[in-house]
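Structural overview
Residue strings, one per chain:
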Amino acid sequence: MRAYGARPLLLGAALLGIVVVSALAVGESMRNARERKSVAERTVRDYAMFASYIYTTRAYLSARERSVAYDTIHPGSPWVRSALPPVTALAAIPDTTEMCGSKEKWSVYRFRLDLPSRALTYAGTRPSPEVDAIIRDSIPILANQPWVKNAGFAYLFVEPPGGRETIAYSSALDSAKNVIAVYGYRSCYGVRDTTDYARMYRVVKVLPPMVPGYVEEGVRSAYTGPRGDTSEKMMGSKWPAGMPAESLLTLTITDAQNRMIFQAPSSSAKSSNYYGVAPLGFVGGSKYWVALRPNVARFLVSGGIPESRLPASLLLLGASIVLAIAGFASLRSEIRLVNSRQRFLANVSHELRTPLQQILMFVQLLRLGRTRTEAERDRSLEIIERETHRLIALSNSVLAATKPELQLRSASVDVANVVHTAADFFAPLAEARKMRIELDVVEPAIARGDPGAIRQILINVLDNAAKYGPIGQTITIGVRTEEKAVRLWVDDAGPGIPASESDNVWKPFFRVGGTVDDSTGGAGLGLAIVRDLATAMDADARLSQTPKGGTRFTLVLHKGQNGVGP
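This report concerns the structure included in the present document. (Residues numbered from 1 in each chain as written. Predicted model: local features only at pLDDT ≥ 70, side-chain atom pairs only at ≥ 80, totals over all residues. Heavy atoms only, no water.)

1. Quick look at the pattern of salt bridges
Any two side chains of opposite charge can pair, given that their charged atoms come close. Keep this limit in mind: The term salt bridge refers to a side-chain nitrogen of Lys or Arg lying within 4 Å of a carboxyl oxygen of Asp or Glu. Runs of H or I in DSSP of at least four residues are treated as helices and runs of E of at least two as strands, each being numbered from the N terminus. Classification of residues uses two cut-offs on accessible area relative to the type maximum, computed with a 1.4 Å probe and protein chains only: under 20% is buried, over 50% is exposed, and between them is partly exposed.
For the structure shown, the criterion picks out 17 salt bridges. A salt bridge links Arg259 to Glu159, with the nearest nitrogen and oxygen atoms 2.7 Å apart. Here Glu159 lies in the loop between β3 (154-158) and β4 (165-173) and Arg259 lies in the loop between β8 (249-254) and β9 (260-264), a separation of 100 residues in the sequence. Its relative accessible area of 29% is what places Arg259 among the partly exposed residues. Between Arg487 and Glu482 there is a salt bridge, with its nearest N and O atoms 2.6 Å apart. For Arg487, a relative accessible area of 24% corresponds to the partly exposed category. By relative accessible area, which is 32% here, Glu482 ends up partly exposed.

2. Some thoughts on helix α5 (residues 195-203)
The test is simple: It is the directions from the helix axis to the C-beta atoms whose arc is reported.
Buried within α5 are the following residues: Asp196, Tyr197, Met200 and Tyr201. All buried residues of α5 lie within an arc of 130 degrees about the axis, which places them on one face of the element.

3. A few points about the pairing of strand β2 (residues 119-124)
Stated formally: Two strands qualify as a pair provided DSSP detects at least 2 bridges between them.
In the sheet, strand β1 (residues 109-114) pairs with β2 via 6 bridges, with the strands oriented antiparallel. If you follow Arg112 over to β2, its bridge partner there is Thr121. Between β1 and β2, which pair antiparallel in sequence order, lie 4 residues; one of them, Arg118, sits at a positive phi of approximately 60 degrees.

4. Focus: the packing of aromatic side chains
As a reminder of what qualifies: For this analysis, a ring pair means two rings from Phe, Tyr or Trp (six-membered ring only for Trp) whose centres lie within 6.5 Å, classed as stacked if their planes differ by under 30 degrees, edge-to-face if by over 60, and tilted for the remaining angles. We call a charge positioned over a ring when the NZ of a Lys or the CZ of an Arg lies within 6 Å of the ring centre and within 35 degrees of the ring normal.
Following the criterion strictly, the structure yields 12 aromatic pairs and no others. Here the aromatic rings of Tyr60 and Phe282 are separated by 5.6 Å at their centres, their planes lie at 85 degrees, and the arrangement is edge-to-face. Highlighted residues: Tyr60 in helix α1 (residues 2-65) and Phe282 in the loop between β10 (275-280) and β11 (286-292), separated in sequence by 222 residues. Exposure remark for Phe282: the relative accessible area of 14% places this residue in the buried category. In this structure an aromatic cluster arises from ring pairing among Tyr60, Trp147, Phe153, Tyr155, Tyr189 and Phe282. Seen from the ring of Trp106, Arg186 lies directly overhead, with NZ or CZ sitting 3.7 Å from the centre.

Structure (structure tokens):
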């Protein structure tokens, strides 16, 4: 009875586990759905932001067309103070395209403000005291802004007691790009005259052609600026039928105080979940808000904005145990994939760090001019070039390491020559830590193996010796040719490896006396890579203790088969 009683309990526990895992899988699905929705919403907002940028670009071009009034002072050309034209150089009605009102109701003042004296000269009528104070106090500061100097014109929206108006102004610069005078006039552009806003809202292209009814027509714009040109590039598209601009978006333009100066359609609100805003500082500090209609999202993002699928997910959770198991398997596969990726990245980081440090060191020596002779400079460049090629080779090795089996080139190699190359490569890092590298090499020492792999083994071992050994230590590299083998060893003066951990040090991610994030750096992959490379060359890698208490690394390679030897 006890056996039969335990069986339902185990089955119930198993089913409960399946339900729990299925719930986790559904939760993961919901999270992915939320992320997809977030990405889709962000994409739509990016479209809105791009649309607002296009509108500001068009607004800038329209405003630039109005700057013809300043042609007489040649904005951007250097002036000397004595040659500056009088304020009457500005036309009595500087902008004939403005729709401000009749001459009787809208009198135009023109001014010239000399700097730094701030002497102010008017022509025509005079502004109200409030505007006069703004011209004297604010215009000199604004005229010195870099964007005003670069554009050659600017507008300032003001609201005196008589209603909104605009101060249009341009800087006269000397040869040193200093503002020596500011010319300007009374305008209503952008606050009372909003015809440019309405025109660009009606015809300027801001959304991609995938929107139904939004097609390239190749027609010329109906708008021609004061200079007689037509902005065909910016205004060569329209909505011919079915989806006018007011069906896609709302354009709202505000001034520097966030007061609305234009909105189309006028009955819409600026607020929306899908909006973008772009400023146009030198045109009254205005901002261009573009709010997309929610139903436009389905034309901009494949499938539109995803909706919540919580009811279907709950039904799936209660109805399908098989899918729950599949979800659990998928989750486990994802965890394995993440672990594999982390290990791969740690391996790459470990292999590339030391060469990059050496390249950086020699680049800094060259940049600081620390090379004493031309020969030292050429040697530094040679090492940089060699290590760059080495990094390329390491990248290829990393790609090869992803294969099921590591395959290396087997050829006759002079181990002594490889030792000299590795020691020369590692010398700057050893000098930085006040270490000495001594060579005990009998040449030649011909072995069978891969020279790049042998060099990588030496670099990894020297790197470990430098990290774990004391400052000022002496590292000895020795090579001897024996009857059937070539023996390579490296002795350091470090603390040694405890006998209990002699086998673990070959394992990936294992660190003696610490974790992967301790002060010595690295990820515990150096000796693991060493053993893999040695195995691929059919060589033997060992660790032992030196008589003085340090660590000895030994690599035993098969002797070369080309008949060359001592």
